[in-house]
Number of protein chains: 2
Amino acid sequence: MSNIENFSGSNLDRDLFAVSLDPGASGSLQNQLADALRRMLVAAPGYAGARLPASRTLAAELSVSRTTVQAVYDQMTAEGYVTTRRGSGTFVASDIPHLASPEPAPVATPDRAAPWMTFQVGLPDPTLLPHRLWARHLERAWRAPDPNLLGRVDPFGWAPLREAICNHLAAWRHLTCDPDQVVVTSGASEALDILCRGLLAAGETVAIEDPCWPRVHDSLTAAGLVPHSVRIDADGFDAARIPDQAVAALVTPSRHYPTGRALPLPRRVALLDWAAQRQGLIIEDDYDSEFRYQGHPLPSFAGLDRLQHTLYLGSFSKLVSASLRIGYLVIPKRLIGQVRAYLARVGPRASLVPQPALASFMAGGDFAVHLRRMRRIYARRQAHLLATLAPAHDLLEIRPDTSGMHLCLPLAPPLAARVSDQEIGAQAAEAGLAVGALSAHSVLPDKPQALLLGYAGFDEARLSDGAGRLVQILSDAAAR
Amino acid sequence: MSNIENFSGSNLDRDLFAVSLDPGASGSLQNQLADALRRMLVAAPGYAGARLPASRTLAAELSVSRTTVQAVYDQMTAEGYVTTRRGSGTFVASDIPHLASPEPAPVATPDRAAPWMTFQVGLPDPTLLPHRLWARHLERAWRAPDPNLLGRVDPFGWAPLREAICNHLAAWRHLTCDPDQVVVTSGASEALDILCRGLLAAGETVAIEDPCWPRVHDSLTAAGLVPHSVRIDADGFDAARIPDQAVAALVTPSRHYPTGRALPLPRRVALLDWAAQRQGLIIEDDYDSEFRYQGHPLPSFAGLDRLQHTLYLGSFSKLVSASLRIGYLVIPKRLIGQVRAYLARVGPRASLVPQPALASFMAGGDFAVHLRRMRRIYARRQAHLLATLAPAHDLLEIRPDTSGMHLCLPLAPPLAARVSDQEIGAQAAEAGLAVGALSAHSVLPDKPQALLLGYAGFDEARLSDGAGRLVQILSDAAAR
């Protein structure tokens, strides 16, 4: 192990040794060093009384002559910044003249993080992650890391994490796959990039659902692909409406985003038939199916297909934390080489730091415990939101959802005749609520109207408060 | 805090509760559950003697009837997998018949990480990171995380990390900037993407150095930009040779990659003049300037320009660890809005997990200590490599470098007449060495010939061994 942890130098030493001098600059090295030291002492009054490094030491660290350093120390003494005690060295004065620094450091005004607005969709409750446990997994993974973690890690990701993902998918999503088929990514956006830029070619047509997640449209278009929107009907996405020129279809069969409907078995079979007949690629975005509250867990579409034509997209953003920025792709075996070639060209993006911790979190069972706990809590929150929205039963079609993290509630006809979902969304935003509009997820004419209310990330008190304000907004709109 | 850490359920409970059943599948729910339980017990002999959950509990968790579960338990008892003890429950048998599972789980054969080959360029020594200290920073950052970390974190990255980066750049790179100008990325590749897709437009021409990092060429081309290679001369990149149509220049002024030359001041001034006159954008890729062994640290080009026309690209891959996948951009203030708009469209990629740990590692001074320690060690390694290569002084132009992590050594004329750098590289690869070829970094005719030898990531013993093998390869080539 390193002995660095026993380092005993002062912070002043550290700061001084890091000073950067420029022989090509206008000022002499002596003036540059004097300026740097002056700025440092003015900026950090905590250095009062600290001992400066010996001139020989500082000269060696900065690659300047000892004479230069001694001249600066003398000048600083004359200016009152430092004092010299005979035989014991040079010290920072305890009452530094508080001159303005010649070139004031910019004031740091970074954007601090803000809390999420109530009803934001797609958010897990970050406070419910067992942080002490998670921090322990992180600490254990890195205090004496597996030598393989320090070597040439597979661009597809840390092998034990890929194994853990396989086991999770077999248990929770009825999807049997090999770790070779799993690609760890920095999230759904990178997964879409790999798909759009690594597996499809510019100019190709991809059938997508309408409504759908707006970033799908953007990612396809940015990569030069042609998205073809297919309006879903009461049963969801219909493979019969995929245009002839489409080479792929990007769908959410387990739970349509954002309406929440599951694709019935006959439609699934029709989609599989399309893929087999046209050698088409199906991309299954399975974003929150683990949170199923009623009925039997639906198996993944990719599992039904046995990963012959289907590429499966998953993420830990909703299952563990958005801060991870870890997602994954599961790909048919025949595409492994193509994805490897793409990643060799662009490089992997997912940080390795969370990967071994997530692998042990999953392998030890803590992850499954967490998911089941979240499932219970989110089910209660959905029930609570439904109950608090009950007074608006004549304004919204209030219906429970069997799974997921948000509700998609159509405006009732009388209200829909007076106001659009986006108008409600705008009024809600003014009241501090992040109410989504279904029509904003659609590009085709005759956009469906509904409100999207995320409930998973907010406790009962915030949901009650948010629902109260929303009901008021809806009542006001109906009364106008 | 969560109470999840006190969870006392057995692993068998956890596995069973996570079983996924499909009412639409061919087999009955009872058969599906029986299959799942059978597979589970065969796969994990460690469950012998474990108690199964009460049928009521399992039925509730899986949303099936209690009758179904009881029927499965009865069937399993008949098959010898479980035994029932009157009044105390159902237990896994201690001698399970080792039947083949009906659908064998795939054998996991993930790609394990491999060690890096000696002389690989661009690698820090991962074993020298103070891992215990680093793990402690991770643990402290996440055990009771700052509430802001759980909120809506700025897509530009964690604010304290952006502040720490500013302080580092001021101290080490003579670059004064505001945290608002710092964008944390998942590394240099994402930074290039932001640049190519967020700030430049397809069809635009970008002047680049020849030779240069091959991924620069690939990233520009993939984004639809037109790279225009400018062969560097003895003084480096010459702004006078930037073509009229170029809107940007991507350069490595502090230390040309991969030759290691610093751009002299007159050439820097000429480049600044070009940017001012043409309103051109300069992208400074400053990849390892912190490791300077002799002479004065050169200030960054962006610092000289005061970030008027220059965008600065930095990374922690070489300074801390490639496993972080954390880099950054520092951008002129006028481009902040454009980069924010781009990130809103594609989403940030850098994991938040390492960010607060890296921020405290930097702010507390541990980072600067680590850099200085690495600087001392890498200087010794370079000296050692030069000494062990001395026997090949008539085959290679052996010259020290004032900074960096690799040497760029031209073939001496007698050897260059017989063999190319890429032929040497191929022979070295057969001998287990990652010797880079300068000509592979060039696309223009009359490619320069030199060997690239990374030394930072390898201890003296490996360098001696590698140098011995390389000298043998060179001698053999000269003798042919």
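Anything mentioned here points back to the structure above.
Remember, predicted model here, so these are calculated numbers, not experimental data. (Residues numbered from 1 in each chain as written. Chains lettered and ligands numbered in written order. Predicted model: local features only at pLDDT ≥ 70, side-chain atom pairs only at ≥ 80, totals over all residues. Heavy atoms only, no water.)

## Digging into the sheet that holds strand β5 (residues 226–231) of chain A
Residue and element names in this part refer to chain A.
Thinking step 1. The mixed open sheet is built from seven strands, whose spatial order is β3-β9-β8-β7-β6-β4-β5. Looking at the sheet topology across the chains shown, the edges are occupied by β3 (182–185) and β5. For this sheet the average axis-to-axis angle between neighbouring strands, irrespective of direction, equals 20 degrees.
Thinking step 2. As paired strands, strand β6 (residues 246–251) and strand β7 (residues 281–285) are joined by four bridges and run parallel to one another. (Pairing = 2+ DSSP bridges. Helix = DSSP H or I, 4+ residues; strand = E, 2+ residues; numbered from the N terminus. Axes fitted to C-alpha atoms, helices over the stretch in contact; angles between N-to-C directions.)

## Quick look at the interface of chain B and chain A
Thinking step 1. Of the residues lining the interface, 104 residues belong to chain B; the matching set on chain A comes to 103 residues.
Thinking step 2. On inspection of chain B and its partner chain A, the count reaches two salt bridges.
Thinking step 3. On inspection of chain B and its partner chain A, the count reaches 18 residue pairs in polar contact (both at pLDDT 80 or more).
Thinking step 4. Ranked by residue count, the leading element in the side of chain B that touches chain A is helix α5 (residues 131–143) of chain B, at ten residues.
Thinking step 5. Split by residue class, the side of chain B that touches chain A holds 47 nonpolar, 24 polar and 33 charged. (Contact = heavy atoms within 4.5 Å. Salt bridge = Lys/Arg side-chain N within 4 Å of Asp/Glu carboxyl O. Polar contact = N/O pair within 3.5 Å; in protein donor to acceptor, adjacent residues only side chain to side chain. Nonpolar A, V, L, I, M, F, W, Y, C, P; charged D, E, K, R; others polar.)

## What to know about helix α13 (residues 366–389) of chain B
Thinking step 1. With 24 residues, α13(B) ought to run about 34 Å at 1.5 Å a step, and its terminal C-alpha atoms sit 34 Å apart, in line with that.
Thinking step 2. For α13(B), the buried fraction is high: 17 of the 24 residues fall into the buried class. (Expected span 1.5 Å × (residues − 1). Buried < 20%, exposed > 50% of the residue type's maximum accessible area, 1.4 Å probe, protein only.)

## Points about the packing of helix α6 (residues 159–173) of chain B against helix α12 (residues 354–363) of chain B
All names here are of chain B.
Thinking step 1. For the pair α6 and α12, the least separation of the axes is 8 Å and the interaxial angle reads 35 degrees. The two elements α6 and α12 meet at a crossing, and its hand is left-handed. For the pair formed by α6 and α12, the contact residues are Pro160, Leu161, Ala164, Ile165 and His168 on the first element and Gln355, Leu358, Ala359 and Met362 on the second.
Thinking step 2. For the contact of α6 with α12, a count of residues per class yields seven nonpolar, two polar and no charged. (Left-handed = near helix turned anticlockwise from the far one by under 90°.)

## What to know about the relation of the copies chain B and chain A
Relating one copy of the chain to the other takes a rotation about an axis and a shift parallel to that axis.
Thinking step 1. Here chain B sits on chain A after a turn of 180 degrees about the axis and a move of 0.0 Å along it, with an RMSD of 0.0 Å. Such a combination of rotation and displacement between the chain copies is what one expects of a two-fold axis. Residue B:Glu139, judged by its C-alpha, is the member of chain B lying nearest the rotation axis, at 2.7 Å.
Thinking step 2. Both copies share a contact surface, since 99% of the interface residues of chain B are interface residues in chain A too. (Least-squares fit on C-alpha atoms with pLDDT ≥ 70 in both.)

## A closer look at the environment of A:Asn148
Thinking step 1. With respect to the helices and strands, A:Asn148 occurs in the loop between α5 (131–143) and α6 (159–173).
Thinking step 2. Taking the C-alpha atoms as reference, A:Asn148 lies 22 Å from A:Val346; in sequence the two are 198 residues apart.

## Remarks on helix α15 (residues 421–430) of chain B
All names here are of chain B.
Thinking step 1. The complete set of buried residues in α15 reads Asp421, Ile424, Gly425 and Ala428. Looking straight down α15, one finds its buried side chains confined to an arc of 100 degrees; they lie on one side.
Thinking step 2. A positive phi of about 85 degrees marks glycine 432, the residue just after α15. (Arc of directions from axis to C-beta.)

On their own, these measurements won't tell you what the molecule is for.
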